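# A look at the structure
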Amino acid sequence: MANTPSAKKAVRKIQRRTAVNKSRRSQMRTYVRKVEEALSSGDKDAAFAALRAAEPLMMRAAQKGIIHKNAASRKVSRLSARVKALSA
């Protein structure tokens with residue numbers, strides 16, 4: 001357990017950041033799931049719209065350090081390829 005005042009404050013700060021990061025990660029996963037559902041249903045317009053909404057969230061999560069930037073780029077790339085294949 002933290003003993004010094006600075007360590008106690010650090011614990012409080014970590015708890016706040018953890019809550020924010022969990023929220024951002026959950027929101028990102030929800031938007032990615034919407035893209036996946038649109039792809040599985042075969043609705044190209046919905047898939048494109050969902051991807052347009054999900055991409056900024058994934059890249060913002062990478063900027064904030066929630067996921068690695070290469071992981072975000074990889075996810076966007078793979079989803080984009082699947083949406084493109086659906087519309088072609």
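An account of the accompanying structure is given in this report. Every value quoted in this text rests on a predicted model; they were computed, and no experiment measured them.

To continue, consider the overall build of the protein. Looking only at helices and strands, the protein has 3 helices and 0 strands in total. Listing the helices and strands of the protein from first to last along the sequence gives α-α-α. The C-alpha radius of gyration computed for the protein amounts to 17 Å, which surpasses the reference 12 Å derived for 88 residues by more than 25%, pointing to a less compact arrangement than a globule. Counting only C-alpha atoms and orienting by the principal axes, one finds that the protein spans roughly 60 × 20 × 15 Å. By residue count, 24% of the 88 residues in the protein fall in the buried class.

Attention now moves to the environment of H68. Take H68: it is sitting in the loop between α2 (44–63) and α3 (69–87). Judged by relative accessible area, H68 falls into the exposed class, the value being 52%. The sequence separation of H68 and M58 amounts to 10 residues, and the corresponding C-alpha distance is 9.9 Å.

What counts as what
Residues numbered from 1 in each chain as written. Predicted model: local features only at pLDDT ≥ 70, side-chain atom pairs only at ≥ 80, totals over all residues. Heavy atoms only, no water. Helix = DSSP H or I, 4+ residues; strand = E, 2+ residues; numbered from the N terminus. Rg over C-alpha atoms; globule rule 2.2 N^0.38 Å. Buried < 20%, exposed > 50% of the residue type's maximum accessible area, 1.4 Å probe, protein only.

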